[in-house]
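These are the residues of each chain, in order.
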Amino acid sequence: MYTDKNLTCADCGQEFVFTASEQDFYAQRNFTEPRRCASCRASRKAARNASDGGGGGSYSAEGGSSSYGGYGAGGSYSAGGYSGARDRGPREMFTATCSNCGRDAQVPFRPTSGKPVYCSDCFRTMRGA
Ligand SMILES: [Zn+2]
Ligand SMILES: [Zn+2]
């Protein structure tokens, strides 16, 4: 009853085959004829899935006026337990030794051994470089 049919993809303009069995399948479900070839349909589906997920939720200090001039921005300076600090009122500061210049550094998180800690001067210098 159905015969294979060539349709033109609305996206890429290529002809693709709307097979007899597909036509049967579509007719049973009252679908309209496909307007796109299989690969364009697949890529649109993938794009839709990609935009649904994610959200990122990345914490950005950019614009979130921090009294600590630039700490936390850029993401390279990841600090454990730092998120939510803004809800805790005055920020707790920890004293550590700057890995670069050896001076005392005040950092807004508990310094973990093995991770370099920089004073605000060195941190700014490194970011500005
Ligand atoms: Zn196409
Ligand atoms: Zn330093």
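Preceding block: the structure.
The structure displayed is predicted, hence computed values, not measured ones. (Residues numbered from 1 in each chain as written. Chains lettered and ligands numbered in written order. Predicted model: local features only at pLDDT ≥ 70, side-chain atom pairs only at ≥ 80, totals over all residues. Heavy atoms only, no water.)

(A) Spotlight on the overall build of the protein chain. Helix and strand counts for the protein chain come out as three helices and four strands. Ordered by position in the sequence, the α and β elements of the protein chain form the string β-β-α-α-β-β-α. When each of the 129 residues of the protein chain is scored for burial, the buried share is 23%. Put simply, 32% of the contacts in the protein chain that link residues at least 6 apart link residues at least 24 apart. (Helix = DSSP H or I, 4+ residues; strand = E, 2+ residues; numbered from the N terminus. Buried < 20%, exposed > 50% of the residue type's maximum accessible area, 1.4 Å probe, protein only. Contact = heavy atoms within 4.5 Å.)

(B) Molecular detail of the pattern of salt bridges. Here the structure, examined in full by the defined rule, presents four salt bridges. Across the salt bridge formed by Asp-11 and Arg-36, the nearest N and O atoms sit 3.0 Å from each other. One end of the pair, Asp-11, is in the loop between strand S1 (5–8) and strand S2 (15–18); the other, Arg-36, is in the loop between helix H1 (20–28) and helix H2 (38–52), and 25 residues separate them in sequence. A relative accessible area of 19% means that Arg-36 is categorised as buried. Put simply, Asp-11 and Arg-44 hold a salt bridge, and the shortest N to O gap is 3.5 Å. A residue pair is termed long-range when its members are at least 10 positions apart, and Asp-11 in the loop between S1 and S2 and Arg-44 in helix H2 qualify at 33 residues. For Arg-44, a relative accessible area of 40% puts it in the partly exposed group. Shared partners join several salt bridges into a network, and the residues in it are Asp-11, Arg-36 and Arg-44. (Salt bridge = Lys/Arg side-chain N within 4 Å of Asp/Glu carboxyl O.)

(C) Molecular detail of the coordination of the zinc ion (ligand 1). Within the protein, the zinc ion (ligand 1) binds to Cys-9 (SG), Cys-12 (SG), Cys-37 (SG) and Cys-40 (SG); these donor distances fall in the range 2.2 to 2.3 Å. Classification of the site at the zinc ion (ligand 1) as tetrahedral follows from its four donor atoms and the range of 104 to 117° in their angles at the metal. Positions of the donor residues of the zinc ion (ligand 1), expressed as sequence spacing, correspond to C-x2-C-x24-C-x2-C. Of this pair, Cys-9 sits in the loop between S1 and S2 while Cys-40 is found in helix H2, placing the two residues 31 residues apart along the sequence. (Donors = N, O, S within 2.8 Å, 3.2 Å for Na, K, Ca; no water. Tetrahedral: all angles 85-135°; square planar, octahedral: opposite > 155°, others 65-115°.)

(D) Main features of the pairing of S1. Inspection of the sheet shows S1 paired to S2 by four bridges, in the antiparallel sense. Counted as the bridge partner of Lys-5 is Phe-18 from S2. Counted between consecutive antiparallel strands, the loop separating S1 from S2 contains six residues, among which Gly-13 sits at a positive phi close to 80°. (Pairing = 2+ DSSP bridges.)

(E) Representation of the environment of Thr-112 in the model. Along the polypeptide, Thr-112 turns up in the loop between strand S4 (104–107) and helix H3 (120–128). On a C-alpha basis, the gap between Thr-112 and Ala-96 in space is 9.6 Å, while along the polypeptide they are 16 residues apart.

(F) Spotlight on the side chain of Arg-36. Of note is the side chain of Arg-36, whose polar atom sits 3.0 Å from the side chain of Asp-11. For Arg-36, the residues in contact, after removing those within four places along its chain, are Cys-9, Ala-10, Asp-11, Phe-16, Arg-41 and Arg-44. (Polar contact = N/O pair within 3.5 Å; in protein donor to acceptor, adjacent residues only side chain to side chain.)

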